[in-house]
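# Commentary on secondary and tertiary structure
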Amino acid sequence: MRLIRPGLGGFKQFLMRGNIVDLAVAVIIGTAFTAVVKAMVDDLLTPLIAAVGGKPDFARLSFTINHSVFRYGLFLNAVVAFLLVASVVYFVVVLPLAKANELRRRGHPVPEAEPAISDETRLLTEIRDLLAGDGRRLPDQPSEAAQAGAVIAAQDTEP
């Protein structure tokens, strides 16, 4: 029992991780979506192709070599079904989502990146700021030199 209990706790933790739950939801939704796409291909597009082309099913197509039967019609059915499913997924899901994302991005312009500043430019900027005065003081406060000048001026005016 001591060996089983920690194993069950770890198993529960494994099952409750977000990735497993997300994967399970994706499989269920994918299965449901597969049924929708398959129904669209089988019930709408294949009869449409049959109406235009005349043959809805290639399964009976085959040839024989040395008493071996090659049913290439089944392969053609699989290829046609794949192309139809791929086109349905592209035109019904991928293309509309791409257009929606493009419209969403048009409303939000891409901000321009700030130009990269070289080390020399950054150093010169710091030197300029230091020469201009103490960058930490507020603009309303007089500089130390101005304060010292005011003190000297005040001393000169005293009798």
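As a starting point, this report considers the structure included with it. Computed from a prediction, not measured in an experiment: that's the story for all the values here. In this numbering scheme, every chain counts its residues from 1 along its sequence in written order. Local features in a predicted model are, by the rule used here, given only for residues with pLDDT of at least 70; side-chain atom pairs are given and counted only at 80 or more, and totals for whole chains, interfaces and linings are based on all residues. The side-chain values count all of the structure's non-hydrogen atoms but skip hydrogen atoms and water molecules.

### Here's the deal with the overall build of the protein
The numbering of helices and of strands both runs from the N terminus, where a helix is a DSSP run of H or I of at least 4 residues and a strand a run of E of at least 2. In terms of helices and strands, the protein carries 5 helices and 2 strands. In what follows, residue pairs with any heavy atoms lying within 4.5 Å of each other are defined as contacts. Long-range pairs, those at least 24 residues apart, make up 32% of the contacts in the protein with a sequence separation of at least 6. Every accessible area reported is derived by Shrake-Rupley at a probe size of 1.4 Å, with residue values counting cover from the shown protein chains alone. In the structure as shown, the protein presents an accessible area of about 14100 Å², 67% of it carried by carbon and sulfur atoms.

### Quick word on the packing of aromatic side chains
The pairing test for Phe, Tyr and Trp rings, Trp by its six-membered ring, is centres within 6.5 Å, and the orientation test on the planes gives stacked under 30 degrees, edge-to-face over 60, and tilted for anything in between. What the rule picks out here adds up to 3 aromatic pairs. Pairing Phe63 with Phe70 gives two aromatic rings, centres 4.9 Å apart and planes at 15 degrees, and the pair type is stacked. The classification of residues rests on relative accessible area computed with a 1.4 Å probe and restricted to protein chains. Under 20% of the type maximum is buried, over 50% is exposed, and intermediate values are partly exposed. We classify Phe63 as partly exposed; its relative accessible area is 38%. For Phe70, a relative accessible area of 39% puts it in the partly exposed group.

### Looking at the pattern of salt bridges
Whenever a carboxyl oxygen of Asp or Glu lies within 4 Å of a side-chain nitrogen of Lys or Arg, that contact is scored as a salt bridge. On inspection of all chains with the given rule, the structure shows 5 salt bridges. Among the ionic pairs, Arg122 bridges to Asp119, the shortest N-O distance being 3.7 Å. A residue pair is termed a helical-turn pair when its members lie 3 or 4 positions apart in one helix, as Arg122 and Asp119 do in helix 4 (residues 119-132) at 3 residues. When its relative accessible area of 44% is taken as the criterion, Arg122 is described as partly exposed. When the shortest N-O distance is used, the salt bridge between Asp129 and Arg128 registers 3.1 Å. Salt bridges sharing partners connect three or more residues here, namely Asp119, Arg122 and Glu126.

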